[in-house]
Amino acid sequence: MLGSGIFVLPGLAAAKVGPMVWLAYLVAGLTVLPAALSKSELATAMPTSGGTYVYLERTFGPLAGTISGLGLWLSLLLKSAFALVGFGAYLSVLIELPIRPVALTLLAVITVLNILGVSIISKLQKFIISGVLIALIAMAIAGVSTMKLEFLEQGFSHKGMVGASYWFHGFLAATAFVYVSYAGVTKIAAIAEEVKNPDRNLPLGILISWFIVMCVYVFVVFVLVTNVPIKDLTDSDGLGNPDLHPIYTLASIVGGTTAGIIAAVLAVITMVSMAVAGLLAASRFPFAMSRDQLLPEVIKSINPYFRTPVASILLTAFVMTITILFLPVEQIAKLASAFMILAFMFVCGTVIVLREIASSWYKPRFRSPLYPLTQILGVVSGIALLAAMGFTSLYAIGCIVVVGAISYFGYGQRKTDRRGVLGKMGRRPDLVPERNEGFVTTLAEDLPQEAAVVVPLFGNERSPETLVEMGASLAHGRKLEVLHLTPVPEQIYLADALEEDQHSIALSRRIHVMAEVEGVELEYDKTVTRDVVHTIHEVADRLDCEWVVMEAAGRRRFGISFQNPLGWLQDHLPCNLAVFKDEGVRYIRQILVFAEPGPHDSLVVTTADHLAQVYKAELNFICFGADGQDPISTQARADYIDQLRDLCVSPTTAVVVNGTNELEAILKATAAYDLMIMGAAPNRTLKGRLWGTPKDNLTRRAECSVLWLKTPFLQTHEAFDVEHLPVEREFDLLGFVDAECVKARLDVTKKEDLFRTATELLGKHYPDISPIIINSALWEREQLQNTGVGNGLAMPHATLTQAGSSDSAIAIITTAKPIDYGTVNQDKVDVLLFTTGSPNNRQTHLKILAELSRLCLKTDFLYRARDATTNTEIIEAFRECLTEIHG
C-alpha cells in the first residue's frame, strides 16, 4: 500500500476537496474495511493462490472471471504506471529531468528485471517499506510542532463548492480518488497457499495492515495540510498544476532542504520497489486467465531459461507504456481507483453469494462480523463512490465489461465448462437431455442399473435413517439408491477428497443397519462432486428413478436467505421430487393432507393414500374456510376435498379449519398430526427463491414432520399414478370429445394462435361461456406451469367456474408443423389435448387426465394423430386406441 498513494496522491486529492483531504483518506479507509473483512473470510475458506480473481471466477463463473480479471489487471498496472509517474516527479527534485521520459525509461528497466526475475528486489522490499514507514511517522511527528490549524478554517467548502455540491462532487469524489491507496490491503490473499496458519494469520495480517496504514495516511496528510497552504498543494507552479511531490514539500518545511532531499530519495526507492512489484503482480492476472483458458494460451507460456511468463509481462508493460504516454496523471489514478472499487464491491458480493448458495464446502474459519450489513455497506458505499467519480470512470468500467464479454464469448466460452457457484444454481440448459452429452462425470461406474428412489445425503441431515425410511416407503418395495454427496470446491482436486473420513464410515454403517432391520433393499454409494446439481440430475436420469427424496432445507445458520441446494433443478428434475422435513416424529399415525388445485394435487393424493397404507395411519384432508367467505366458495372448496377423498383406498376424514389466514390456520392445526403432505409451491418468484414462499415457511414452522411433493416439469401428467387410479371400464372418454372440437393439421406458428383456435373450438361446447373466460382460464393454468410433457405432446387444461357440475370437454388439435411451446428443453409440440371442466367435478377431470395419459403412454395414438389429415381420422384413431386399452 505504501507508495504513490501517500507520496503523490495528496496534492491531486487536495485539488478536489481542499484541506479536508485527510478526512477523505479516513473515509476511504473505512469504506475499504468491508472488503478487507470479506476478503479475510474468503481467504480462510479458500486458501488458494490467485486471490480476488479466483474468488470471483469460482463464484460468478468464467464470464465474470474474465471481466474481473481484466479489471483487476488494469487496476494494478494503472497504479504501477502512476507510481512510475511519481518516481519521475520526485526524481526531478534531485535532477532536472522530464517526468514521462524518465517514467518510460524506468518501465523498460523494471520490465527487464521482471523477465530476469526479481527475487533480490522482493527480499529488499520488507526493509524498504519498514524504513519508509518509520521515516513517514517521524516526519509527521516532527511536523506536529509546526502545524497551523488556521489552514483548516476553509472547512467544508472548496472552489465555490458548498453544501451538497461539496460533499458529492468534492468530498466523495476525493474519497473515491484516494481509494486506490488501499489497493494492497488484501493482496496477501493472492499467495494464501504459502501463508502459515492461514486461518489466523490471513485475517490478522489484513486487518492490522489496514489499520496501521490508514492511521499513517490520516496522520501524515493531516500534518501535511496544516503545514502546507492549500494553495501550494493545489497550484504548485502558478499554472494550476497540483503538487506531485507533497511529501518532499512537507519534509522541506519541517526539516529543511536536507530533509526534503532525504524524503525524495526515499520516495524514489519506494516508487521503484512498488513499480517492480506492481508489474509483477499485474502480469500474473493475464497469466492466470490464460491458464484457466479464458485468454489465448500464448500468454501463459513460461520462458524455459528465466522461468517467468514473458508474454504476460510484455503485454502488461505495453499497456503501461500507452497509459503513461497518453493519459493525464490524474486520470491514471482515477481509473485505478474505479477498477479497485468495483473489484472490492464484487468481493463483498462474493461473500453473500457463497454464504447463501454455496454448499457445505464453504466453511471459513474467520467470519466477517455483522453479516450481511457489512457486505451491503461495502456494495452501497462502492456504488456511491463510483457515482461521485463521474462519467469517465463509469464509461471505462463499461468498456472493460464489453471487452471482457467479447473476449469470453469469442474465446473463453469454447474452452472452459466451469460455471461458478451461482451458475450451477441458475438455469441449466446443459442438463436438458439432448444437450447433456460429453459431460465429464464424477460418478462411480458401479452404480446400480436402476432404482425406484434416489436419496441424496449431504451429511448434515437430522436423521439420515428416517429420510431413507421415507424413501423406502415411496419405493413400493423396490430398490433404493442412497448417495452420499461431498461437495468439493474448484480449487481442491477431486482425488484428494475421495478418502473416506470417520463421518462417512459411520453414516454408511448406520444406513446399512437400518436397511437390515427394516428389510429395505438399497445400495449405498459415496461420491465427491464439484456440481451437486449436475450429479443429482445425472443419477436420477441414469437410474430412471421415480423419486428423488431429500431433506428440506431452511435458513442457513449464518445466512439470510432460504437455502435451496438444487437451485433451478428443483423445478426441472426428470422424476418426482419429495422433500422431507424431519421434526423427529418416530411413529406416523396421523397424516394431514393439504391439497390445492394445480399440477401436483393428484400426486399428493395418491402418495398420501399409499403412505397411509404403509404406516397404517389415519388420513385427514384439511379444508380451510375463510371468515366471512361466501357460502358458494366454501362449498366449492369442500366439494373439491370430498372428490379427492373419493380417490383414496384408505379411510379418510375431512378437517375444517377457519380463520383469516389460511397458512396460519393450517400451521396451528399441525400440532395434532405426525406428518403433513402437500404439493410444492408454484413457480417461484425472485422473492420466493431468496426468502422462501409461504409454503416454505409453513414447512419450516410446522409442528409435525412435512413431506412436500413436486411433479416433474416435463412429465406432469405421466407422474400421476395412472396405474392405481380407479377408472371404471364403462368410463366413456370418447363421450367428452365433440366432433366440432377436433382440428387436424392446424397451420399456426405461434402458441398464442394455437390457444386462440382452442378457445374457438371449446366455445362451441360452451356456448354460454364467453371465449375470453375460456382463453383466460387456459392461460392462467399455462402460466402456473408449462403443460408440455415431452414427445411433442402438450396437455393444457383449465377449470371453468361457469361450467356445469358435470360438464367436461376435450379438444384435440394437431399442427401442420411442430411449434415452439416454450418448454424448458425447447421441445416443439405438434399434438395438443385440451381439457376443461368444472371445479365441482375434479374427480371426473382427474379420471380424464388419467385416461389420456394411458392413451398416450400405452398406445400409438400420438403417431396416428400426427399422420391424420382430417378431423374424422383423429377421432377414429382415438376410438381405436381406447378400444385397445379396454378391449
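All of these numbers come straight from a predicted model, not from anything done at the bench.

Draft legend 1. Region of the structure containing the overall build of the protein chain. When helices and strands are counted, the protein chain shows 29 helices and 16 strands. Considering the protein chain as a whole, with its 887 residues, one finds that 57% of them fall into the buried category. The contacts of the protein chain with a sequence gap of at least 6 include a subset with a gap of at least 24, amounting to 82%. Summed over all atoms, the accessible surface of the protein chain reaches about 36600 Å², with 59% contributed by carbon and sulfur.

Draft legend 2. Expanded view of the packing of helix α5 (residues 62–94) against helix α11 (residues 246–291). The interhelical angle for the contact between α5 and α11, taken along N-to-C directions, is 150 degrees, at an axis separation of 7 Å. Classed by the angle they form, the pair α5 and α11 counts as roughly antiparallel. In this structure, the crossing between α5 and α11 has a hand that is left-handed. Taken together, the residues of the contact of α5 with α11 break down into 30 nonpolar, 6 polar and 1 charged.

Draft legend 3. Representation of the pattern of salt bridges. Inspection of the entire model under this criterion finds 17 salt bridges. A salt bridge links E465 to R510; the shortest N-O distance between them is 2.9 Å. Separated by 45 residues along the polypeptide, E465 in helix α17 (residues 464–474) and R510 in helix α18 (residues 502–518) bring together distant segments of the chain. The salt bridge involving E538 is made with R542; its shortest N-O contact spans 3.1 Å.

Draft legend 4. Molecular detail of the environment of A336. Summarising the element assignment, A336 is placed in helix α13 (residues 329–357). Assessed through its relative accessible area of 1%, A336 is described here as buried. Between the alpha carbons of A336 and V178 there is a distance of 9.7 Å; along the sequence they are 158 residues apart. Here A336 is in contact with S75, L78, K79 and V180, once residues within four sequence places are set aside.

Draft legend 5. Structural context of the environment of P364. Secondary-structure assignment places P364 in the loop between α13 and α14 (373–389). Its relative accessible area of 7% is what places P364 among the buried residues. Remark: the alpha-carbon pair of P364 and D199, spanning 165 residues in sequence, is separated by 8.1 Å. For P364, the residues in contact, after removing those within four places along its chain, are E41, T44 and A45.

Draft legend 6. Looking closely at the pairing of strand β10 (residues 705–710). The element β10 is extensively covered by neighbouring structure, given that 6 of its 6 residues are classed as buried. Burial of β10 is two-sided: the residues S705, L707 and L709 facing one way and the residues V706, W708 and K710 facing the other way are all buried. Two elements, strand β5 (residues 576–581) and β10, share 5 bridges in a ladder whose sense is antiparallel. Counted as the bridge partner of K581 is V706 from β10. As judged from the 5 bridges shared by strand β9 (residues 675–679) and β10, these two strands associate in the parallel manner.

Draft legend 7. Inspection of the sheet that holds β10 at higher detail. Spatially, the 10 strands line up as an open sheet ordered β3-β2-β1-β4-β5-β10-β9-β6-β7-β8, and their pairing is mixed. The strands lining the two open edges of the sheet, one partner per strand, are β3 (522–529) and β8 (652–659). Along the sheet, successive strands turn relative to each other by an average axial angle of 25 degrees, direction set aside. Sheet strands touched by helix α22 (residues 662–669): β6 (590–594), β7 (618–626), β8 and β9. Its angle to β7, the strand with the most contacts, is close to 145 degrees.

Draft legend 8. How the structure looks around the confidence of the model for the protein chain. Summarising the model, the protein chain shows a mean pLDDT of 82, and 85% of its residues fall at 70 or more. Low pLDDT, under 50, characterises residues 433–442; the predicted model gives this stretch 20 contacts beyond four residues in sequence or across chains. In this model, residues 714–727 is a region of pLDDT below 50 whose contacts with residues beyond four sequence positions or in other chains number 45 contacts.

Draft legend 9. Summary view of helix α6 (residues 99–116). When the terminal C-alpha atoms of α6 are compared, their 26 Å separation across 18 residues agrees well with the 26 Å that a helix rising 1.5 Å per residue should span. All buried positions along α6 are accounted for by V102, A103, L106, L107, I110, T111, N114 and I115. Residues of α6 that are buried in the fold lie against α5, α11 and α12 (310–326). Immediately beyond the C-terminal end of α6, within one or two residues, lies G117, with a positive phi of roughly 110 degrees.

Draft legend 10. Spatial organisation of the packing of aromatic side chains. A complete count under the given rule lists 13 aromatic pairs for this structure. Site record: aromatic cluster; members linked through ring pairs are F755, W779, Y821 and F834. Looking at K751, its charged tip hangs above the ring of Y821, at a distance of 4.0 Å from the centre. Here the guanidinium or amino end of R866 rests over the ring plane of Y863, the centre of that ring lying 5.9 Å away.

Draft legend 11. Fine view of a nonpolar patch on the surface. Judged by side-chain polarity, L94, I95, L97, I261, V265 and I269 come together as a nonpolar surface patch covering roughly 440 Å² of accessible area. As for its placement among the helices and strands, I95 is situated in the loop between α5 and α6. You can call I95 partly exposed: its relative accessible area is 46%.

Draft legend 12. Representation of the side chain of K581 in the model. Take K581: it is sitting in strand β5. Polar contacts involving the side chain of K581 include one to the main-chain carbonyl oxygen of T699, which spans 3.0 Å. Leaving out residues up to four positions away in the same chain, K581 has contacts with A552, T699, R700, A702, C704, S705 and V706.

Draft legend 13. View of the environment of T870. Mapped onto the elements, T870 comes out in the loop between α28 (861–867) and α29 (871–886). Sequence separation between T870 and V742 is 128 residues; the distance between their C-alpha atoms is 9.1 Å. A polar contact of 3.2 Å, which involves the side chain of T870, links it to the backbone nitrogen of E873.

Draft legend 14. Structural detail: helix α24 (residues 694–701). For α24, every residue scored as buried is listed here: K695, D696, L698 and T699. For α24, the angular spread of buried residues about the axis comes to 160 degrees, placing them on one side.

Draft legend 15. Structural view of unusual backbone geometry. The amide bond that connects Y371 to the next residue, P372, takes the cis arrangement and shows omega of 0 degrees. The topology assignment puts P372 in the loop between α13 and α14. Positioned with a positive phi, L370 is a non-glycine residue whose angle comes to about 55 degrees. In this fold, L370 is placed in the loop between α13 and α14. For H476, which is not a glycine, the phi torsion comes out positive at approximately 55 degrees.

Draft legend 16. Structural detail: the pairing of strand β1 (residues 453–457). With 5 of 5 residues buried, β1 lies mostly within the body of the structure. Burial of β1 is two-sided: the residues V453, V455 and L457 facing one way and the residues V454 and P456 facing the other way are all buried. With 5 bridges connecting them, β1 and strand β2 (residues 480–487) associate as parallel partners. In the strand pairing of β2, V454 is matched with E481. By the bridge criterion, 2 bridges tie β1 to strand β4 (residues 547–551) in an arrangement that is parallel. Bridge pairing in β4 places V453 opposite W547.

Draft legend 17. Structural detail: the side chain of S650. Inspection of the secondary structure assignment puts S650 in the loop between α21 (631–646) and β8. On the accessibility criterion, S650 (10% relative accessible area) is buried. Within polar-contact distance, the side chain of S650 engages the side chain of D609 at 2.8 Å. When near neighbours in sequence (up to four residues on either side) are disregarded, S650 contacts D609, A612 and Q613.

Rules used in this analysis
Residues numbered from 1 in each chain as written. Predicted model: local features only at pLDDT ≥ 70, side-chain atom pairs only at ≥ 80, totals over all residues. Heavy atoms only, no water. Helix = DSSP H or I, 4+ residues; strand = E, 2+ residues; numbered from the N terminus. Buried < 20%, exposed > 50% of the residue type's maximum accessible area, 1.4 Å probe, protein only. Contact = heavy atoms within 4.5 Å. Areas by Shrake-Rupley, 256 points an atom, 1.4 Å probe, with all protein chains shown as cover. Axes fitted to C-alpha atoms, helices over the stretch in contact; angles between N-to-C directions. Parallel < 35°, antiparallel > 145°, perpendicular 65-115°, else oblique. Left-handed = near helix turned anticlockwise from the far one by under 90°. Nonpolar A, V, L, I, M, F, W, Y, C, P; charged D, E, K, R; others polar. Salt bridge = Lys/Arg side-chain N within 4 Å of Asp/Glu carboxyl O. Pairing = 2+ DSSP bridges. pLDDT = per-residue confidence, 0-100. Expected span 1.5 Å × (residues − 1). Phe/Tyr/Trp six-rings, centres within 6.5 Å; stacked < 30°, edge-to-face > 60°. Lys NZ or Arg CZ within 6 Å of the ring centre and 35° of its normal. Patch = residues over 30% accessible without salt bridge, like charges linked within 9 Å, V, L, I, M, F, W, Y side chains within 5 Å. Polar contact = N/O pair within 3.5 Å; in protein donor to acceptor, adjacent residues only side chain to side chain. Arc of directions from axis to C-beta.

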